[in-house]
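# Inside the fold
Here is what each chain is made of, one letter per residue.
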Amino acid sequence: MIHIKKFVKYAINEDNGRGDLFYDIAPEGKFTSRIISKSDGVLAGVKYAEILAQTEKIKIEFLKKDGERIYKGDVLATLEGRASKLLSSERTFLNMLQHASGIATMASRFVKKLENYDVVLLDTRKTRPHLRDFEKYASRIGGAINHRLGLDDCLMLKDTHLRTIVDLKEFIKKARKRISWVTKIEIECETFEQVEKAMEAGADIIMCDNMDYAGIREVVAYRNENYPHILLEASGNINLDTIQEYASTGVDAVSSGSIIHQATWLDFSMRVD
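Reading the values: the criteria
Residues numbered from 1 in each chain as written. Predicted model: local features only at pLDDT ≥ 70, side-chain atom pairs only at ≥ 80, totals over all residues. Heavy atoms only, no water. UniProt positions renumbered as here; feature names shortened; annotations may be inferred. Helix = DSSP H or I, 4+ residues; strand = E, 2+ residues; numbered from the N terminus. Pairing = 2+ DSSP bridges. Axes fitted to C-alpha atoms, helices over the stretch in contact; angles between N-to-C directions. Contact = heavy atoms within 4.5 Å. Salt bridge = Lys/Arg side-chain N within 4 Å of Asp/Glu carboxyl O. Buried < 20%, exposed > 50% of the residue type's maximum accessible area, 1.4 Å probe, protein only. Right-handed = clockwise from strand over helix to strand, strands pointing away.

According to UniProt, the "domain: Quinolinate phosphoribosyl transferase N-terminal" (unreviewed entry) feature falls on residues 28–101. End-to-end, the C-alpha atoms of residues 28–101 are 33 Å apart, and along that stretch the chain is 39% helix and 32% strand.

In a beta sheet, neighbouring strands are held together by backbone hydrogen bonds and run either parallel or antiparallel to one another. In spatial order, the strands read S6-S11-S10-S9-S8-S7; together these 6 strands make up an open sheet with parallel pairing. Pairing within the sheet leaves two strands with one partner each, and these edge strands are strand S6 (120–122) and strand S7 (155–157). Within the sheet, the average angular offset between the axes of one strand and its neighbour, ignoring direction, is 25 degrees. The pairing of S6 with strand S11 (residues 253–255) spans 3 bridges and is parallel. In the strand pairing of S11, leucine 122 is matched with serine 255. Helix-sheet contacts for helix H7 (residues 192–201) involve strand S8 (185–189), strand S9 (205–209) and strand S10 (231–235), and the interaxial angle to S8 is about 165 degrees.

Okay, the side chain of serine 101 next. For serine 101, the location among the structural elements is in helix H3 (residues 83–113). Apart from residues no more than four positions distant in its own chain, serine 101 is found in contact with Val42, Leu43, Ala44, Leu266 and Phe268.

Looking now at the pattern of salt bridges. Scanning all chains against the criterion turns up 15 salt bridges. Where arginine 34 meets aspartate 273, a salt bridge forms, and the shortest distance between an N and an O atom there is 2.9 Å. Within this pair, whereas arginine 34 is found in strand S1 (residues 30–37), its partner aspartate 273 is found in the segment after strand S12 (268–272), the two being separated by 239 residues in sequence. Assessed through its relative accessible area of 30%, arginine 34 is described here as partly exposed.

Here we take up the pairing of S10. Of all 5 residues making up S10, 4 are buried, and the element is well covered by its neighbours. Note that S9 and S10 share 5 bridges and pair parallel. Note on S10: the bridge partner recorded for isoleucine 206 is leucine 232. Of the crossover connections in this fold, the one passing from S9 over helix H8 (residues 213–226) to the parallel S10 is right-handed.

Here is the structure:
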């Protein structure tokens, strides 16, 4: 909750600058307004908007919940407060809700594609600077599961890391003594040969990166026969058109950065009554 309050405060200050020029000349008394959807999709951002309203001493009542489907013309929330506060906060309210809802809507489309598959949908660290918590929250609301939030919650060895490691097995032994006992080690592999080496070295998770479908199926069969405890993730070029094919290979999870970085904001507006 603390990070949300800081985020909201920063957003307010960013928009107000040295002060909203309307603030001191705004009409007195309380006014009411409504946030209305002009798009179909999935609502997200409610948690952030409620903190914004609390910070700005605005009374807000959401008629829809985070994760609920919304349609063009729906009234999402009603607000009551001083004109100066309602209007200086308008763009911040809308930016948060539109941005988060766009990501949640995109995530829900991916989830829909996976309804008949026993596979987990993961997002990635391809988020905008300073917006990771916010964008990962929106992804979760849409039905995805967060992959790493940062470099500190899983040791992932990507191709760039592997180029610096001479003996992978010895490196993993060393890593086990340094990282938390419950922390997993994931290794990115682009070929079957790399998979064999990574599994033998002691990886917990193998990321099949940019492999074709046949190659991933070969990895799945090898894992099932020799290392059934190792988890498999498919990644690279996974989008709404390809995700079902990847899911059918037998991996445990598929990850896609496009859940977040290809999401389009929904269109909302605020109307003063």
